[in-house]
Amino acid sequence: MASLRTFLDSLPDEEILRFEEPIELDYTPTALVLELEKQQKFPVLRFESPNGYDMPVVANLFANRDRIARIAGAPDAASFNETWLRAENNPIPPRMVESGPVQEVVFTGDDVDVQTLPISRHFKADAGRYIGSGILVCKDPDTGVRNLSFQRLQMKGRNRFGASLHSRGHIWDHWLRAQKRGKNLEVAVVIGAHPAIYLAAGAKVAMEVDEFDIAGGLLGKPVDLVKCQTIDIEVPAEAEIVIEGELLADVAEDEGPYGEYTGYSTFRSTRNVFVVKAVTRRAKPIYFDLIPGNSSEHLLLGRCAKEAHVFERLREVIPDVKALNYPKSGTHFHAYVSLEKRAEGQARHALMLLFGLDAYLKLAIVVDEDIDIYNEEDILFALATRFQADTDLFVVPKVFCNRLDPSAVDGMSAKMGIDATISKDFDADRIALPPEAIERAKAALEKLMP
Ligand code: MN
């Protein structure tokens, strides 16, 4: 069985911070996660008795790369990309089962009331209570291929949500085609499933790929699915909560603002409306709350799979690319590339590819292999000593971008590529010490400060 609860049970005690006392759910989990981040701590939070609700809430599952690696079945963070690509290249399709715990309790018609779920407020300017942790499962109206993605949902009453599909992903394409035919798009919102299914939902794979197949590849076995009660969609049998409903074809309503991954509250919205037909859940469900904004969790969940995927596409063309990092400071807009340069102009080649592969990117910097791309001080050192702005950068104006960038103009932004690698006439060596001297120093310090 692959479920949220089996994963939580597998975590060592020191990785879970439990709150037994009642807590106020509005703002508190967000504030706790952001305070812990300042201390460079990333435990899973578990709230046993949120005020006013009858189910526990967990948060911060995806806050660090080590835990994400374990979720994917990789031995450590350094081997995540390899593990991810193995799953992408060896997908395992899901398996239909007759029944599952996610339908132990079923509410339909007038019995539906999503206000009984512990949906909370996250940031001051948010328009209301939001689900950010829902995996939206839908189907291509022409091919029937399933799609999994994350879209924000603003609670607007017992059976109504506002939605924004601003990532313009496959679900947007599905909705547009359904809408042209005057049809609503059926969607199931899954809250609380094995975290490998969450990673797969963030995958940047082709429209023809069912993200449940990738989840199966990560888990090494098929995901068990059950049919929804009121719509023609399948959901994980072992999920905690599922909200079944439809994205309306012909209604647009205000939605937002909401604290987005950019670190800003944004009104930008596709103004969709999601109407609920049923809520199904376990008898005693666990609610998963994804902390939005530019929290580690929100950024890593969107980034890890993308990083692995884009890195592989880069390496197919330029095998000398050694690593790729989307730093937290750049939200999803910056990338650092490590290159074992063999020819002049190779860095620019890598930069053009990168901008083509990922429309969110605005700034990409290529450095030599001796620079640690996970250390931004090292990146700035490369800029300070290996880069000249008149010859080593290029700017491409007015390119399609992610509209949540508050500085974007008409949905477009400029791309800046920086080659901070050593050029062929470079005439300096990095200072260094004989290795024996370093050993002597370490031994002497060990004696004085054991
Ligand atoms: Mn897809």
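Residues numbered from 1 in each chain as written. Predicted model: local features only at pLDDT ≥ 70, side-chain atom pairs only at ≥ 80, totals over all residues. Heavy atoms only, no water.

Side note on the overall build of the protein
Link 1 in the chain: Scanning the protein from terminus to terminus reveals 11 helices and 23 strands.
Link 2 in the chain: Projected onto its principal axes, the C-alpha coordinates of the protein cover approximately 75 × 60 × 40 Å.
Link 3 in the chain: Per-residue burial for the protein yields a buried fraction of 54% across its 450 residues.
Link 4 in the chain: Within the protein, contacts between residues separated by at least 24 positions form 72% of all contacts whose residues are at least 6 apart in sequence.
Link 5 in the chain: As displayed, the protein has an accessible area near 20,100 Å², and 52% of this comes from carbon and sulfur atoms.
Link 6 in the chain: Where the 52 positive side-chain charges of the protein centre and where its 69 negative ones centre are 3 Å apart. (Helix = DSSP H or I, 4+ residues; strand = E, 2+ residues; numbered from the N terminus. Buried < 20%, exposed > 50% of the residue type's maximum accessible area, 1.4 Å probe, protein only. Contact = heavy atoms within 4.5 Å. Areas by Shrake-Rupley, 256 points an atom, 1.4 Å probe, with all protein chains shown as cover. Lys, Arg positive; Asp, Glu negative; His and termini not counted. Charge placed at Lys NZ, Arg CZ, Asp CG, Glu CD.)

Re the sheet that holds strand E4 (residues 95-96)
Link 1 in the chain: Reading across from one edge, E4-E12-E13 is the order of the three strands in this open sheet, with mixed pairing throughout. With one partner strand each, in any of the chains shown, E4 and strand E13 (234-236) form the two edges of the open sheet.
Link 2 in the chain: Across three bridges, strand E12 (residues 224-227) lies against E13 in antiparallel orientation. Pairing of Lys 227 across the sheet is with Glu 234, part of E13. (Pairing = 2+ DSSP bridges.)

Thoughts on the environment of Ser 3
Link 1 in the chain: Mapped onto the secondary structure, Ser 3 falls in the segment before helix H1 (4-10).
Link 2 in the chain: On the basis of relative accessibility, which here comes to 1%, the residue Ser 3 falls in the buried class.
Link 3 in the chain: The sequence separation of Ser 3 and Ala 196 amounts to 193 residues, and the corresponding C-alpha distance is 9.2 Å.
Link 4 in the chain: Among residues more than four places away in sequence, those in contact with Ser 3 are Ala 193, His 194, Glu 238 and Arg 282.

Observations regarding helix H4 (residues 80-89)
Link 1 in the chain: Along H4, the positions that sit buried rather than exposed are Phe 80, Thr 83, Trp 84, Leu 85, Ala 87 and Glu 88.
Link 2 in the chain: On the buried face of H4, the contacting elements are helix H3 (65-72), helix H6 (195-201), helix H7 (211-219) and helix H8 (296-317).

Structural notes on the nonpolar core
Link 1 in the chain: Phe 62, Trp 84 and Leu 199 are the most contacted members of the largest nonpolar core, which totals 53 residues.
Link 2 in the chain: Considering each element in turn, this core owes the most residues, six residues, to H6.
Link 3 in the chain: Excluding its chain neighbours within four sequence positions, the residues that come into contact with Leu 199 are Phe 62, Ile 68, Ile 71, Ala 72, Phe 80, Trp 84, Leu 218, Leu 301 and Ala 305.
Link 4 in the chain: Judged by nonpolar contacts, the second largest core, of 38 residues, contains Ile 131, Ala 178, Ile 191 and Ile 243. (Core = buried A, V, L, I, M, F, W, Y, C linked by side-chain atoms within 4.5 Å.)

Comments concerning the coordination of the manganese ion
Link 1 in the chain: Listed as protein donors to the manganese ion are Asn 147 (OD1), His 170 (ND1) and Glu 211 (OE); their distances from the metal cover 2.0 to 2.3 Å.
Link 2 in the chain: Of note, the manganese ion draws all its donor residues from one chain, in the sequence arrangement N-x22-H-x40-E. Residue Asn 147 is found in strand E8 (residues 146-150), and its partner His 170 is found in helix H5 (residues 170-180); the two are separated by 23 residues along the sequence. (Donors = N, O, S within 2.8 Å, 3.2 Å for Na, K, Ca; no water.)

Structural notes on the domain arrangement of the protein
Link 1 in the chain: When the domains of the protein are assigned, the result is domain 1 (64-292) and domain 2 (318-420).
Link 2 in the chain: The distance between the C-alpha centroids of domain 1 and domain 2 comes to 31 Å.
Link 3 in the chain: Interface area lost by domain 1 to domain 2 is led by Tyr 261, Thr 262 and Arg 268, which between them contribute 56%.
Link 4 in the chain: Inspection of the region where domain 1 meets domain 2 yields zero salt bridges.
Link 5 in the chain: Counting the contacts that link domain 1 with domain 2 gives three residue pairs in polar contact (both at pLDDT 80 or more).
Link 6 in the chain: When grouped by side-chain class, the residues that make up the side of domain 1 that touches domain 2 number two nonpolar, four polar and four charged. (Domains from an automatic or database assignment. Buried area = accessible area lost by both parts, 1.4 Å probe. Salt bridge = Lys/Arg side-chain N within 4 Å of Asp/Glu carboxyl O. Polar contact = N/O pair within 3.5 Å; in protein donor to acceptor, adjacent residues only side chain to side chain. Nonpolar A, V, L, I, M, F, W, Y, C, P; charged D, E, K, R; others polar.)

Quick word on the packing of H4 against H8
Link 1 in the chain: It is the contact of H4 with H8, at a shortest axis distance of 9 Å, that shows an interaxial angle of 80°. Taken together, the axis directions place H4 and H8 in an arrangement best described as roughly perpendicular. Between H4 and H8, the residues in contact are Phe 80, Asn 81, Trp 84, Leu 85 and Glu 88 and Cys 304, Ala 305, Ala 308, His 309, Phe 311, Glu 312 and Arg 313, respectively.
Link 2 in the chain: Here the residues of the contact of H4 with H8 sort into seven nonpolar, two polar and three charged. (Axes fitted to C-alpha atoms, helices over the stretch in contact; angles between N-to-C directions. Parallel < 35°, antiparallel > 145°, perpendicular 65-115°, else oblique.)

Focus: the sheet that holds strand E23 (residues 412-419)
Link 1 in the chain: Read from one edge to the other, the open sheet built from five strands follows the order E19-E20-E21-E23-E22, with strand pairing classed as mixed. This sheet does not close on itself; its edge strands, each paired only once, are strand E19 (321-325) and strand E22 (393-400). Averaged over all pairs of adjacent strands, the angle between their axes in this sheet comes to 20°, without regard to strand direction.
Link 2 in the chain: As defined by bridge partners, E22 adjoins E23 across six bridges and the pair is classed as antiparallel. For Phe 400, the partnering residue across the bridge sits in E23 and is Met 412.
Link 3 in the chain: Against the sheet, helix H10 (residues 376-386) touches strand E20 (334-339), strand E21 (363-368) and E23, its axis set at about 80° to E21.

What to know about the side chain of Glu 307
Link 1 in the chain: Inspection of the secondary structure puts Glu 307 in helix H8.
Link 2 in the chain: With a relative accessible area of 3%, Glu 307 lands in the buried category.
Link 3 in the chain: Once residues lying within four places of it in the same chain are set aside, the contact partners of Glu 307 are Arg 65, Leu 324, Asn 325 and Tyr 326.

As for the pairing of strand E17 (residues 272-281)
Link 1 in the chain: Among the 10 residues that make up E17, eight are buried, leaving the element largely enclosed by the rest of the structure.
Link 2 in the chain: As paired elements, strand E5 (residues 105-108) and E17 share four bridges and run antiparallel to each other. Paired with Val 105 across the bridge in E17 is Arg 281.
Link 3 in the chain: Bridge count for strand E10 (residues 160-164) against E17 is four bridges, and the pairing is antiparallel. Following the sheet pairing, Arg 160 is matched in E17 by Val 275.

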